[in-house]
Amino acid sequence: MRHLLVILFFVVVACSAQTPQPENAFPTDRIWATEISGDGRMLVGTGKGVIKIWDRKSGTLQKSIPNNGERVTYFVLSPDSTMVLAGGLKGSLRVWETRTGELKKQWSASSLTVDSVAFCSNGRFVASASGDRMIRVWELSSGNLVSSAQHDIGEIESLDFSPDCSSLASTGDDANVYVWDTKTGKQRFNVNELLLISFKVKYSKDGKQLIFAGAAQQIYFADAESGKILKVLPKASNPIGTLDASPDIRRIAALHFNADHMSDAAALSLWDVASGSRKTPIDDRKVFINGCRFLDDGRLLATGWTDGKLMVWTWK
Amino acid sequence: MGHMIHRRELLQKCLALGGLTVISTSSAEALLGAWEEEEAKRHPTPGTVLGPFYKKRAPESRTLRLANDPGMPLSVKGNALNTRGELLVNATVEVWHTDHFGHYDLDGYRFRAKLLTDSKGAYDFQSVMPGHYPDRVAQHVHYLVTAPGHKPLVTQLYFATDPVFQGDPDKNFKVDPLVSSRELVRPVQLVGDPKTIEASVSFDLCLERR
């Protein structure tokens, strides 16, 4: 009996080490994805057709904004976190003010599902990708279409504006990464040497690199002007659904998913870019990790959903 | 074997015997050509999503199945053609699917292939029945078909024998929301004897011209 208790103690300690205790947990129904403000004060999440906004420290639900009965398929926070842009299952785009929850603008990108959206750093432009494989850049103040571009085949997975807003990167199910001119929609270049699909593309904060990852289970760094691949991190054990880079690009946080069971919980990995070494701070099949961000102060914040709670972790 | 009358000959015979009357400023010959072209028109194969696990540069091989692969042997054949009914020679047909256990090979190219249609626009490959996996209802084979001058076709092949259709794909094909059309659910023929049994499916691919 004593031996059993000792073994159980070590099992419990081992499990605790694998999944650190969250700093907070908010009761809520299922949250599929979150966005986190740069100062870490605000968490924005979405379930089926609602955008929810929490104060991270108090755990208070500040706003619960219905998306007019339409399921939210993708959403992002504006760079200054004052607005949230959501795309819907039926093709709508809506922008709300995060402080008040007021609907600032709504329009239709197309009649098809919005697969991805992005906010430009100067707040002037937003972009949407739809089921017709079209990328559309919109002027936020007027809702006017600025430019458009199209992938030849496959759905579009991810969009990101360059920090100076002159370019827009996209990834799609054709396994290519494209960079477009924001104002003309003309293709600048195409990274086509990848074999598998990238689910996330992101510009580095200085705008010099493109960082992307996906089914290849690897993280790629490419020159943002030419598309030349500069570095590839060692392979992980599961596809990468989304990622964030620290402002100095020394660390990458990646959310993985299980290729055989995509809606299953999967791990959060943390990479040291220089050495290529990887840690897995959270790898718990009971926790659905749904968001991560390097905050302005350099800390990493991650969120996960389990048992009717949204949990929050931070690491220095 | 008797003489097989050509469609054009039949129409000409109808015209000669009064079974078909032409009221037009165009010649009867031109109108017969237009009739034939109209009748040969086909609608494009319905498209569906490419999915997250497409992999470029699959090997050119018609044999995806190895000797000891678990699962029901599967043989698929069909033609690539366009909406005018023209057969597409040297069209590229990329296919990929899970193994018997519902697992996609991301590291290598198991159950992935690139095929070229032959001089009659035909393609075929040997594989195993794909498995089911969580998050996706129906067994399926992914297709990406490309041919010069034509829009790429992204579609999926489904099987009428899939248990999820409960024996009635007419009624139940929508149990999988990604099955965009009943016509993508193809009948399955069992061929061979019990020791060499094989599921055989025919699936034509009709592309739109650009």
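Scoring rules and cut-offs
Residues numbered from 1 in each chain as written. Chains lettered and ligands numbered in written order. Predicted model: local features only at pLDDT ≥ 70, side-chain atom pairs only at ≥ 80, totals over all residues. Heavy atoms only, no water. Helix = DSSP H or I, 4+ residues; strand = E, 2+ residues; numbered from the N terminus. Buried < 20%, exposed > 50% of the residue type's maximum accessible area, 1.4 Å probe, protein only. Contact = heavy atoms within 4.5 Å. Areas by Shrake-Rupley, 256 points an atom, 1.4 Å probe, with all protein chains shown as cover. Rg over C-alpha atoms; globule rule 2.2 N^0.38 Å. Lys, Arg positive; Asp, Glu negative; His and termini not counted. Charge placed at Lys NZ, Arg CZ, Asp CG, Glu CD. pLDDT = per-residue confidence, 0-100. Pairing = 2+ DSSP bridges. Core = buried A, V, L, I, M, F, W, Y, C linked by side-chain atoms within 4.5 Å. Polar contact = N/O pair within 3.5 Å; in protein donor to acceptor, adjacent residues only side chain to side chain.

Check the secondary structure of chain B and you find 3 helices and 10 strands. Along chain B, helices and strands appear, N-terminal first, in the series α-α-β-β-β-β-β-β-α-β-β-β-β. Looking at the 210 residues of chain B, the share that counts as buried comes to 42%. Within chain B, contacts between residues separated by at least 24 positions form 70% of all contacts whose residues are at least 6 apart in sequence. By element, 54% of the accessible surface of chain B is carried by carbon and sulfur atoms, the whole surface being about 11200 Å².

So, about the overall build of chain A. For chain A, the helix and strand inventory stands at 1 helix and 28 strands. Here chain A has a C-alpha radius of gyration of 19 Å; the compact-globule value for 316 residues is 20 Å, and the two agree. In chain A, which comprises 316 residues, the share counted as buried stands at 55%. Partitioning the intrachain contacts of chain A with sequence separation of at least 6 by distance along the chain shows that 40% fall at a separation of at least 24. Surface exposure of chain A reaches about 13900 Å², of which carbon and sulfur atoms provide 50%. A gap of 4 Å separates the mean positions of the 37 positive and 34 negative side-chain charges of chain A.

This paragraph deals with the confidence of the model for chain A. Across chain A, the average pLDDT comes to 91, with 94% of residues at or above 70. Confidence over residues 1–17 of chain A falls short of pLDDT 50; this stretch has 0 contacts with residues more than four positions distant or in other chains.

Residues and elements named next belong to chain A. Within strand β23 (residues 251–256), 5 of the 6 residues are buried, which leaves the element mostly enclosed by the surrounding structure. Examined bridge by bridge, strand β22 (residues 240–245) and β23 share 5 bridges and lie antiparallel to one another. Bridging from a neighbouring strand, T242 pairs with L255 of β23. In textbook terms, the turn of a hairpin is the stretch between consecutive antiparallel strands, and for β22 and β23 this stretch comprises 5 residues, one of which, I249, has a positive phi near 55°. In the sheet, β23 pairs with strand β24 (residues 268–272) via 5 bridges, with the strands oriented antiparallel. The partner of I252 across the bridge, within β24, is W271.

Okay, the nonpolar core next. By size, the foremost hydrophobic cluster in this structure holds 35 residues, and its most contacted members are B:V93, B:V95, B:Y123, B:F125, B:Y143, B:L157 and B:L205. Every element with two or more residues in this core is listed here: β1 (73–82), β2 (92–96), β3 (112–116), β4 (122–128), β5 (141–146), β6 (153–159), β9 (198–202) and β10 (205–207) of chain B. The element best represented in this core is β6(B), accounting for 4 residues. With 32 residues, the next largest nonpolar core counts A:L194, B:L50, B:Y133 and B:V154 among its residues.

Attention now moves to unusual backbone geometry. At A:D307, a position not held by glycine, the phi torsion is positive, near 45°. For A:D307, the location among the structural elements is in the loop between β27 (300–306) and β28 (309–315). The class for A:D307 is exposed, based on a relative accessible area of 67%. Although it is not a glycine, B:Q166 adopts a positive phi angle of roughly 50°. Locating B:Q166 in the fold gives a position in the loop between β6 and α3 (169–172).

Turning our attention to the side chain of B:S181. Residues and elements named next belong to chain B. The topology assignment puts S181 in the loop between α3 and β7 (185–186). Only 3.1 Å separates the side chain of S181 from the backbone nitrogen of E183, close enough to count as a polar contact. Ignoring sequence-local partners within four residues, the contact set of S181 consists of P46 and F173.

All names here are of chain A. Mapped onto the fold, V146 is located in strand β13 (residues 145–150). The exposure class of V146 is partly exposed, given its relative accessible area of 30%. Separated by 36 residues in sequence, V146 and T182 have C-alpha atoms that sit 8.0 Å apart.

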